[in-house]
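# Chain and residue survey
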Amino acid sequence: MSSRPTARPGGRSARVQQSVHQAVRDLEAEVGRDALTVPLIAARAGVTPSTVYRRWGDLRELLSDVAVERLRPDAPPADHGSLRADLEAWTQQFAEEMASTAGRTYIRDALLGDPEQGNAVRCSDYAAEQLTALGVRAAGRGEAVPAVETLLDVVVAPLMYRILFRPSDLSAAYTDGLVAAALDRTPPPPAAKS
């Protein structure tokens, strides 16, 4: 699916990715986003510009890759004792992180990358993995759990729309309402038999 080489833990590819990603973060903090260039990033990372172009293609794809890594959750979702409490806490935290200035920048960068590289899909997969973990935990407690796709459609999708286009109301009342809509849904009627 992706033409990008996969990094082996501890391999040269992983070291290059790590040093280039770190160079992007450092330079962005030092000189600002508008001053970033592939040659500047490569020099800071200790690689040639051709290494960066070969691996990422262009600056936009590199920034997209860095953004996706920054959007990856660093821990499993917290346990608050019930699916509703877990989802409410996760959704509020997700909204706060993604609606921050940095979060919106990372989302936009991730979406600007080449669709063939799958960066947007990787971001969606992160949310799905977190929601799956919440669902597995809830199922272990004997709770009914909506399908992950339902949670993505009813909770995450409208939240992402708000974050990107209408960030005026991302309160706990709003995010709790999304969770309630997902958990209190009446399942659709069964398909008519023909």
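These remarks concern the structure in this document.

### A look at the overall build of the chain
Counting secondary structure elements, the chain contains 9 helices and 0 strands. Going from the N terminus to the C terminus, the chain shows its helices and strands as α-α-α-α-α-α-α-α-α. Taken across its 194 residues, the chain has 38% of its residues classed as buried. Within the chain, counting contacts between residues at least 6 apart in sequence, those at least 24 apart form 69% of the total. Working note: accessible area of the chain is about 10,900 Å², and carbon and sulfur atoms make up 55% of it.

### Here we look at the layout of surface pockets
Over the atoms rolls a probe the size of a water molecule, and in doing so it shows where empty space is left. In this model, the largest pocket occupies a volume close to 740 Å³. Those elements that place two or more of their residues in the lining of the largest pocket are helix H4 (59-71), helix H5 (83-99), helix H6 (101-112), helix H7 (119-140) and helix H8 (148-165). Among the elements that make up the lining of the largest pocket, the one with the highest residue count is H5 (7 residues). Considering only residue class, the lining of the largest pocket consists of 25 nonpolar, 6 polar and 5 charged.

### Re the packing of aromatic side chains
For any pair of aromatic rings, the description rests on two quantities: the centre-to-centre distance and the angle between the ring planes. In this structure the tally under the stated criterion is 2 aromatic pairs. Look at Trp-90 and Phe-94: their rings are 4.9 Å apart centre to centre, the planes differ by 20°, and that puts the pair in the stacked class. Of this pair, Trp-90 and Phe-94 are both found in helix H5, 4 residues apart, which corresponds to roughly one turn of the helix. Each member of the pair Trp-90 and Phe-94 is classed as buried. The interplanar angle of 50° and the centroid separation of 5.1 Å between the aromatic rings of Tyr-161 and Phe-165 together place this pair among those described as tilted. A residue pair is termed a helical-turn pair when its members lie 3 or 4 positions apart in one helix, as Tyr-161 and Phe-165 do in helix H8 at 4 residues.

### Considering the packing of helix H1 (residues 12-31) against H4
At a minimum axis distance of 10 Å, the contact between H1 and H4 shows a crossing angle of 95°. One finds that H1 runs roughly perpendicular with respect to H4. Only Leu-62, Leu-63, Asp-65, Val-66, Glu-69 and Arg-70 of H4 make contact with H1, whose side of the interface consists of Gln-17, Val-20, His-21, Val-24, Arg-25 and Glu-28. Classifying every residue of the contact of H1 with H4 by side-chain character gives 5 nonpolar, 2 polar and 5 charged.

### Observations concerning the packing of H4 against H7
Across the interface, H4 lies against H7 with an axial gap of 10 Å and an inter-helix angle of 5°. Taken as axis vectors, H4 and H7 run roughly parallel relative to one another. Residue-level inspection shows Glu-61, Ser-64, Asp-65, Val-68, Glu-69 and Leu-71 of H4 in contact with H7, the latter providing Asn-119, Arg-122, Cys-123 and Tyr-126. Taken together, the residues that form the contact of H4 with H7 break down as 4 nonpolar, 2 polar and 4 charged.

### Looking at empty space enclosed by the protein
This structure, assessed with the given rule, holds 1 cavity of 30 Å³ or more. Its boundaries defined by the atoms lining it, the largest cavity holds a volume of some 50 Å³. Around the largest cavity, the lining residues are Glu-28, Arg-33, Leu-63, Val-66, Ala-67, Arg-70, Tyr-106 and Asp-109. Looking at the lining of the largest cavity, the elements that each hand over two or more residues are H4 and H6. The dominant element in the lining of the largest cavity, judged by the number of residues it contributes, is H4, at 4 residues. Tallied by class, residues from the lining of the largest cavity come to 4 nonpolar, no polar and 4 charged.

Calculation criteria
Residues numbered from 1 in each chain as written. Predicted model: local features only at pLDDT ≥ 70, side-chain atom pairs only at ≥ 80, totals over all residues. Heavy atoms only, no water. Helix = DSSP H or I, 4+ residues; strand = E, 2+ residues; numbered from the N terminus. Buried < 20%, exposed > 50% of the residue type's maximum accessible area, 1.4 Å probe, protein only. Contact = heavy atoms within 4.5 Å. Areas by Shrake-Rupley, 256 points an atom, 1.4 Å probe, with all protein chains shown as cover. 1 Å grid on protein atoms, 1.4 Å probe; cavity = no way out; pocket = protein on both sides within 12 Å on 5 of 7 lines; lining within 4 Å. Points joined across faces, edges and corners; volume = space filled by probe spheres on them. Nonpolar A, V, L, I, M, F, W, Y, C, P; charged D, E, K, R; others polar. Phe/Tyr/Trp six-rings, centres within 6.5 Å; stacked < 30°, edge-to-face > 60°. Axes fitted to C-alpha atoms, helices over the stretch in contact; angles between N-to-C directions. Parallel < 35°, antiparallel > 145°, perpendicular 65-115°, else oblique.

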